[in-house]
Structures are given as C-alpha cells and as structure tokens.
Amino acid sequence: GCPLGQYDELATIYFGTREQSIVRLFTQDAPHQPFGLFSLILAGVTYLILMLFTYGLAIPAGLFMPSVMVGACLGRAVGQVIKNTVDHTVFSGAYALAGAAAMLGGVQRATISLVVIIIEGTANVHFLLPIVVTTCTAKFVGNLFGHEGVYEIGLRRKKLRFLEHEPEWMMDLCTAGDMMSGPPVTVPIVAKVGEVLDILRSCNHNGIPVLSLTDGGDQNVSHRSDNEPQTGKFEGIVLRSQLQHILGARFMKDGDQVSGLWQRVSSRRLEELSLDGDPEMYELMAFTSRKGPSGVKDWEAMQFSDDDRERFINIGAYMNSACYTVLESCPLSRAYKLFRNMGLRHLPVVDIQNHVVGMLARDNFSPEVLHAVSKTYYREKDIHQQYGEGRTPRLCGKEQVARQTSRRTLRAETGSIGGAVYTWQSRLSAVLRLDRSGAV
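Rules of the game
Residues numbered from 1 in each chain as written. Predicted model: local features only at pLDDT ≥ 70, side-chain atom pairs only at ≥ 80, totals over all residues. Heavy atoms only, no water. Helix = DSSP H or I, 4+ residues; strand = E, 2+ residues; numbered from the N terminus. Buried < 20%, exposed > 50% of the residue type's maximum accessible area, 1.4 Å probe, protein only. Polar contact = N/O pair within 3.5 Å; in protein donor to acceptor, adjacent residues only side chain to side chain. Phe/Tyr/Trp six-rings, centres within 6.5 Å; stacked < 30°, edge-to-face > 60°. Core = buried A, V, L, I, M, F, W, Y, C linked by side-chain atoms within 4.5 Å. Contact = heavy atoms within 4.5 Å. Pairing = 2+ DSSP bridges. Axes fitted to C-alpha atoms, helices over the stretch in contact; angles between N-to-C directions.

> Give a detailed account of the environment of Glu152, specifying residues and quantitative values.
Turning to its location among the elements, Glu152 is positioned in helix α8 (residues 150-157). For Glu152, a relative accessible area of 26% corresponds to the partly exposed category. Once the C-alpha coordinates of Glu152 and Gln108 are considered, the two residues, 44 residues apart in sequence, prove to be 8.7 Å apart. Side-chain polar atoms of Glu152 contact the backbone nitrogen of Gly149, separated by 3.2 Å.

And the structure:
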C-alpha cells in the first residue's frame, strides 16, 4: 500500500469506478496535478488496447465509457503539456473534456447528439463552442478513413442490414423490378394443409404472399386443380408464424375433438369451410406476438396424417389484406423510403394486373446488390449522367424497352435478383407495333 497521505495514480484510474475516474480527470486541478503525464498516457493507451480487444465480444465491456476514458486521459495529457510549456493558468480538465468529445465523435461519428450529451452531462454551457469545433474536427478526420462509425461497422460485419435515413443517389436510377427477389413463394387464399406444409418446409421466408384462387377472382373455386399453376391475383400477405399457429392447432389437447380449435380452423370439404376466422386463433396469435416465441409445439417434428394433409384452411381470414405494395416500375428510391419509414420487413412487388412478381426485403437494398444491378442493367454513362446534361435512362424510350425486356436474372445471396421488367413503355411499344403492322 501507499504511505499515509499518498496515492497511486494508475491504481486510482484503473481500480476506481469509471464514473469517479472520469470526474477526477475532468475537474481536479488544484492544489497540484492529480495525475502525471506518464500515468495519463499509459492509462489512455491501455484502455484503448483493451477496448479494441473487447469490441465485438459477448461481454459487458461497452464502448461509450471506455471511449470517454481514452479521450479524457489523452486530452488531459495534452492539456498538461500546454500548461507546463505555454501558460501555467491553463485548466487541463477542459482538454480532458474536449478529448472525450473528440474520441466519441471519431468512434461513433455522432455530432449534434454527442454535443448535447456532453453539455448536459457537464452542465457547463461555456464549453459549447470548443466541444462543437472538436467534435466536427474529429468527425471530419474520421471520415478520411471511412464514413462508417463503429456501430455501423459492427452491423455490417454481422451482416445485419442497416438502412440509412436517405436512399443512395443510384436508387433514383433503378426500379423496384430491378432489385426484387423472385420468383416469389406464394400460397393460395384457401389451401390444403399439405400445400402449406410443403411451402413452409421448402423456404424460410417470414412473409408469404397470398393469391386468389383464380386470376379473375374467387369464382369457380371448386374447379381448381392441384396441378394448376398459381396465377391468381395478389390478395394479401400472411406471416410464417401465423401459418405455424394454424397448423399447431392440430396438436393441441382438443385437436381430435369435434369442437376443438383444429376442427374449427380446418375443414374436410371446401364447401364447409367458414369465411370467418376463429376468435380463439386470433387471441392465440395476438398473445404470442406480444409475449415473444410461440408456445405451440414444433409442428415440423409432428406427423400429419394423410387425412390431415387433405383438409382445407382459410388463410384469408388471418392474412393482412391491406399491406403495402409497389409496382415493378416504381422508382427504387420511393420504395426504399416506404420500406424504411413504415418499418416494413417485406414489401411485395406487383405488376399492372396485380400479380405478384417479386419481393423486397432489407437484403435487396444493400449496396452490394445495388451496385451489381446498376452495373449490369445500365450503361456506365447512364449511371454517371448528371441531370441537365441529357435525357435520363427512363426517358430513352426504345433503348429502355430493349434493356428491360432482355435482362437476365442475377444471382445473389438472397436468391434471384431482377430479370425482365415490363413497364408502361414496353406495353405501349407492343401496342404501337401491332397497330403499325395492322396498318401495313
């Protein structure tokens, strides 16, 4: 231990609580300097190395407080150098505060929010201008090495898609049809249990578009064949968890009873199927959505009998029939704003006849997919063309139609991307060609 009336500088920084250490670095300056120059530099470098090693690990180390400690130690060291060499009246605690703000600004790339936090935390508005200058300078220097903060880098390394507030400028060039994933996995509005089982086991999609039984509506539904392709119109979207709840009712305690939930949500014959949803099923879906994971047993481990697989379920009673959709010719920037501002997880893409042609998810808005699509579907001069210098690609009629109808499908991590797109230009071009050939 230290003699009476003395203390160890490094032990005070290392073994004291972070709050106490930060307060000492910011405030104490009389009657003598509480920390030596060597202790401040050593503590700042040590905290920086430890912060680099613990970044990304599943331990409660944090980034905010270590960044404040590193900036405060190094900033106070600079302040003491200035005090010893320039002016002995300099308060080195102010340099510790500026160093903490600079470190946070460089690590997090925050500006306004960081200035507010620092000013509110210190309750000293006199340091507003120095902190603003320091934070902006730190952000500018950090942007020379990269425009992403430490949290954005962590999201990208974990492959978690983070959507920026504003779309990239290249999104004004592309359409939703360029970036959508397809062909979409769909389910009819009235389906057999076996169909739903096969669909869920063949994909891991969270949202599945629901189609009408016929292309013209739901008339003559009894004539639908099992081998008939699904060409119905878009009716809504159903979540994977909702389908799991419906199928999980088979293995509840009353699953074999005539008045049980399974018998009420499914039917042996199509004519006996109810148009209304079951209130108990609604309550079950709402309860599990609030409480987290479903309490229904895993249906994939269960064995559905042949009779169960032939039963019909009304998916339309539980789907979202008023979900957001975009046309395949919608500018990607507009689809991006809708997707982000409404907090969507999936966005169906439909054509002019309300047929589902693809889906947009977070992965479809990634910079990697955007750059791959732009370089493949558009010419270099179209990408870098400035407004006012000439026509945009959307106004180059014949060239645009030729590129849209001859596009090949791209492969990405999310599956098939893009492909041929049919917009008003391609449809009008086909009509004009028919009229000209008829006139001849």
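> Run through the packing of aromatic side chains, naming residues and quoting values.
Counted under the stated rule, the structure contains four aromatic pairs. For the pair Tyr14 and Tyr47, a centre-to-centre distance of 6.1 Å together with 40° between the ring planes defines the contact as tilted. Of the two residues, Tyr14 sits in helix α1 (residues 9-15) while Tyr47 sits in helix α3 (residues 37-54), which places them 33 residues apart along the sequence. Accessibility expressed as a relative area gives 28% for Tyr14, which makes it partly exposed. The class for Tyr47 is buried, based on a relative accessible area of 11%. Seen from their ring centres, Tyr336 and Phe365 are 5.5 Å apart, and the 80° between their planes marks the pair as edge-to-face. Taken together, the positions of Tyr336 in helix α15 (residues 332-341) and Phe365 in the loop between β9 (356-360) and α16 (367-377) put the pair 29 residues apart, joining distant regions of the chain. Cluster of aromatic residues (ring-pair linked, three or more members): Tyr336, Phe339 and Phe365.

> How would you summarise the nonpolar core if you had to cite specific residues and measurements?
One finds Val187, Val196, Val238, Met281 and Ile315 to be the most contacted residues of the largest nonpolar core, which totals 31 residues. Of all the elements in the fold, those that place two or more residues in this core are β2 (190-192), α10 (193-202), β3 (207-211), α11 (240-248), α12 (261-265), α13 (279-291) and β6 (312-314). Examining the composition of this core, we find that five residues originate from one element, α10, more than from any other. In this structure Val196 touches Val187, Ala191, Leu243, Leu247, Ile313 and Ile315, once residues within four positions along its chain are discounted. Counting residues in hydrophobic clusters, the runner-up holds 26 residues, among them Leu332, Phe339, Leu410 and Ile417.

> Which residues make up the sheet that holds strand β7 (residues 326-327), and what values go with them?
Reading across the sheet, the three strands line up as β7-β8-β9 and stay open at both edges, with mixed pairing between neighbours. Of all strands in the sheet, those with a lone pairing partner are β7 and β9, marking the two edges. Here strand β8 (residues 347-350) pairs with β9 via four bridges, running antiparallel. Within β9, the position partnered with Val350 by the bridge is Val356. Running at roughly 150° to β8, α15 makes contact with β7, β8 and β9 of the sheet.

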